[in-house]
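# Structural overview
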Amino acid sequence: MARTPWSLGGALRGLFTKATIDDSTWDDLESALITADFGPDIADEIVEELRRNVATYRTTDPADLQRMLRETIEERLARYDTSLVLTERPAVVLVVGVNGVGKTTTIGKFARFLRTHGRTVVVGAADTFRAAAVEQLATWAERAGAEVVRPQHEGQDPASVAFQTVEYAKRTGTEIVVIDTAGRLQTKSGLMDELSKIRRVVEKQAPVSEVLLVLDATTGQNGVAQAEAFIQHAGVTGLVLTKLDGSAKGGFVLSVQERTGLPIKLIGQGEGINDLTGFTPHVFAQKLVG
């Protein structure tokens, strides 16, 4: 499988082409994992597990170590259910996250992802505090082949836009509703109150199927810290990681799941409208380790 820019390839290539596993192998492996943003605790746990496995199977072949590493990462990633729950009709998805993580473009890509799987989609522009956000979202949604419900007037209450979007879906038989939300964090309590209101208003018409939190993979652990208010208060059901393409920090995928206790459901690996895919632990581990 072709390597991706976020693979561990460069750091590990020399490790797995050595003649044998020796003491330096373990130091090099731990350094590679930390460099790839697994975090020191997870890196240490993985190295210790691999040391035990190598001793149990009495192998000195680096190819065996590579396979064991791939299997260990896949097993840890697969502890979480990464499937999207979109069986309701309409299935309502709230998309949350701080401003600047690529939330608006991610919604456009997500709409495209759903359309390519044959689903009808309407996007609700409920981030009404930034006029530019509404226009940008509409542009992306139209490129994706999705309908758009915009605010009827400047400064319209976000919850009423969300209500109108679900109302539109029910009236037209549209299968999936994706609702954009504000990401400003000047007052966390105010933002969470607003999200709670959107949810209450939506649930008068249909249950909320997913609350997806968008994280910028290039910001690593800082991104998680910024998003903790959403994680604690917004009823988040899954993560969307953006900007994995420009980063050699693929280990963040594992560390963010273990730190938040939330599954990664979608990953963005490029700027194009088709560059958002579902998250599959086996495929990801294969690409990461080789």
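In this text, all values refer to a predicted model and were calculated from it rather than measured experimentally.

Attention now moves to the pairing of strand β1 (residues 91-96). With respect to burial, β1 is a largely interior element, six of its six residues being buried. Here β1 shows two buried faces, one formed by A91, V93 and V95 and the other by V92, L94 and V96. One ladder, built from five bridges, connects β1 with strand β5 (residues 208-216); its direction is parallel. When the bridges of β5 are listed, V96 appears paired with L213.

Along strand β6 (residues 238-242), five of the five residues are buried, which leaves the element largely enclosed by surrounding structure. Going residue by residue along β6, you find G238, V240 and T242 tucked away on one face and L239 and L241 tucked away on the opposite face as well. In this sheet, β6 lies alongside β5 in parallel orientation, the contact comprising five bridges. Of the residues in β6, the one forming a bridge with L213 is L239. Alignment of β6 against strand β7 (residues 264-268), held across three bridges, turns out to be parallel. Of the residues in β7, the one forming a bridge with L241 is I267.

Attention now goes to the side chain of K103. Position of K103 relative to the elements: it lies in helix α5 (residues 103-116). Among the polar contacts listed, one links the side chain of K103 to the side chain of D180, at a separation of 2.9 Å. One polar contact links the side chain of K103 to the main-chain carbonyl oxygen of T181, over a distance of 2.4 Å. Residues within four places of K103 in sequence aside, it is in contact with V95, V96, G97, D127, D180, T181, A182, G183 and V214.

Note that T104 resides in helix α5. Excluding anything up to four places from it in sequence, T104 contacts R130, A133, Q136, L137 and D180.

Another point: the confidence of the model for the chain. In the predicted model, the chain carries a mean pLDDT of 87, and 92% of its residues have values of at least 70. Here helix α1 (residues 9-16) is the element of the chain with the lowest mean pLDDT, 63, and strand β4 (residues 176-180) is the one with the highest, 97.

The residue T237 is located in the loop between α10 (228-233) and β6 in this model. Among the residues examined, T237 registers a relative accessible area of 28% and is labelled partly exposed. Each C-alpha atom of the pair T237 and L94 lies 9.9 Å from the other, and the pair is 143 residues apart in sequence. With residues up to four places along the chain from it excluded, the contact list for T237 reads E210, V211, L212, L262, P263 and K265.

Our next topic: the environment of L276. Relative to the assigned elements, L276 resides in strand β8 (residues 276-278). Residue L276 is classed as buried on the basis of its relative accessible area, which comes to 4%. Sequence-wise, L276 and A111 are 165 residues apart; in three dimensions their C-alpha atoms are separated by 9.7 Å.

Thresholds applied
- Residues numbered from 1 in each chain as written.
- Predicted model: local features only at pLDDT ≥ 70, side-chain atom pairs only at ≥ 80, totals over all residues.
- Heavy atoms only, no water.
- Buried < 20%, exposed > 50% of the residue type's maximum accessible area, 1.4 Å probe, protein only.
- Helix = DSSP H or I, 4+ residues; strand = E, 2+ residues; numbered from the N terminus.
- Pairing = 2+ DSSP bridges.
- Polar contact = N/O pair within 3.5 Å; in protein donor to acceptor, adjacent residues only side chain to side chain.
- Contact = heavy atoms within 4.5 Å.
- pLDDT = per-residue confidence, 0-100.

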